[in-house]
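Summary of the model geometry
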Amino acid sequence: MKNYIFILALFITIFSHAQNEEVQRTIETFFEGFHQKDSLKMKSVCAENLLLQSISEGKKGTKLVSEKPVAFYKSIASIPVEMKFEEKILTYSIQVDGAMAHVWTPYEFYINSQLSHSGVNAFTLFKEKDVWKIIYLIDTRRK
């Protein structure tokens with residue numbers, strides 16, 4: 001009986017780890033496209049009806065802004081070539097329940113090697129036909 005419980009626990013652990021790796025790879029692909037200014041690569045891991053929001057914290061208070069996916073992709077593709085930027089993901093906290101996953105990623109954002117702002121991304125993903133897609137992305141931004 002102990003062997004059965006051990007094998008079951010091992011299987012669950014391996015399956016859970018594999019799920020987390022798939023989810024993390026989806027987020028990594030999103031950021032590869034982001035850093036390459038490749039909106040098609042970003043779109044490949046996002047649902048068509050993606051919801052995008054940002055919470056900015058500043059001297060004038062806190063502001064919630066929603067953005068349409070088309071405008072977001074266009075803004076990424078139109079970043080000037082000479083502008084260098086990097087969003088450094090500090091950690092991944094991944095939770096999966098069936099066909100839904102949530103990923104929390106604290107980050108630091110650099111423009112031309114200078115820290116611009118920091119915050120956290122919160123991704124919600126949906127698994128359909130064995131493929132994880134980002135359906136919701138909200139981030140915080142503070143100087």
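Within any chain, residue numbers begin from 1 and follow the written order of that chain's sequence. The predicted nature of this model means local features are confined to residues of pLDDT at least 70 and side-chain atom pairs, given and counted, to a pLDDT of 80 or more, with totals for whole chains, interfaces and linings taken over all residues. Note: side-chain values were computed over all heavy atoms of the structure, leaving out hydrogens and water.

**So, the overall build of the protein**
- For helices the rule is a DSSP run of H or I covering at least 4 residues; for strands it is a run of E covering at least 2, with both sets numbered from the N terminus onward. If you tally the helices and strands in the protein, you get three helices and seven strands.
- Among the 143 residues that make up the protein, the fraction classed as buried is 34%.
- Note on definitions: a residue-residue contact is assigned when non-hydrogen atoms from the two residues lie within 4.5 Å. Long-range contacts, defined as pairs at least 24 residues apart, comprise 51% of the intrachain contacts of the protein with a sequence gap of at least 6.
- Here, Shrake-Rupley sampling with a 1.4 Å probe gives the accessible areas, and only protein chains in the shown set may cover a residue. Only carbon and sulfur atoms are counted for the fraction: they give 60% of the accessible area of the protein, which is about 9600 Å². Relative accessibility under 20% of the residue-type maximum defines a buried residue, over 50% an exposed one, and the middle range a partly exposed one, all with a 1.4 Å probe and only protein chains included.

**Side note on the nonpolar core**
- Judged by nonpolar contacts, the single largest core of 25 residues is most densely connected at Phe30, Phe123, Leu125 and Ile134.
- Secondary structure elements with two or more residues in this core: α1 (2-35), β1 (46-58), α3 (69-77), β5 (100-111), β6 (114-128) and β7 (131-142).
- The dominant element in this core, judged by the number of residues it contributes, is α1, at five residues.
- Leave out the neighbours within four places in its chain, and Phe30 touches Met42, Val45, Cys46, Phe72, Phe123, Ile134 and Leu137. As used here, the term nonpolar core means buried Ala, Val, Leu, Ile, Met, Phe, Trp, Tyr and Cys residues forming a set that is joined through side-chain atoms within 4.5 Å.

**A few points about the confidence of the model for the protein**
- The quantity called pLDDT is the predictor's confidence in a given residue, expressed from 0 to 100. With 87% of its residues at a pLDDT of 70 or more, the protein shows a mean pLDDT of 90.
- Mean pLDDT values over the elements of the protein span from 72, in α1, up to 98, in β5.

**Some words on the environment of Leu40**
- Structurally, Leu40 can be placed in helix α2 (residues 39-43).
- In this structure, the C-alpha to C-alpha distance between Leu40 and Tyr73, residues 33 residues apart in sequence, is 8.2 Å.

**Here we look at the packing of aromatic side chains**
- Centres within 6.5 Å make a pair out of two Phe, Tyr or Trp rings, where for Trp the six-membered ring is used; the pair is then stacked when the planes are under 30 degrees apart, edge-to-face when over 60, and tilted otherwise. Tallied over the entire structure, the rule returns nine aromatic pairs.
- Between Phe31 and Phe123, the ring centres sit 6.0 Å apart and the planes meet at 85 degrees, which makes this aromatic pair edge-to-face. In this pair, Phe31 is assigned in helix α1 and Phe123 in strand β6, connecting sequence segments 92 residues apart. Like Phe31, the residue Phe123 is buried in the burial classification.
- An aromatic cluster is present here, built from Phe30, Phe31, Phe34, Phe72, Tyr73, Phe85, Phe109 and Phe123 joined pairwise through their rings.

**Description of the environment of Glu32**
- Examined against the element boundaries, Glu32 turns out to sit in helix α1.
- The class of Glu32 is partly exposed, set by a relative accessible area of 26%.
- Note: C-alpha distance between Glu32 and Met42 (10 residues apart in sequence) is 7.8 Å.
- Those residues in contact with Glu32 that lie beyond four places of it in its chain are Arg25 and Lys41.

**Focus: unusual backbone geometry**
- Here the phi dihedral of Asn112 falls at roughly 50 degrees; this positive angle occurs in a residue that is not glycine.
- Inspection of the secondary structure puts Asn112 in the loop between β5 and β6.
- Given a relative accessible area of 43%, Asn112 falls into the partly exposed group.

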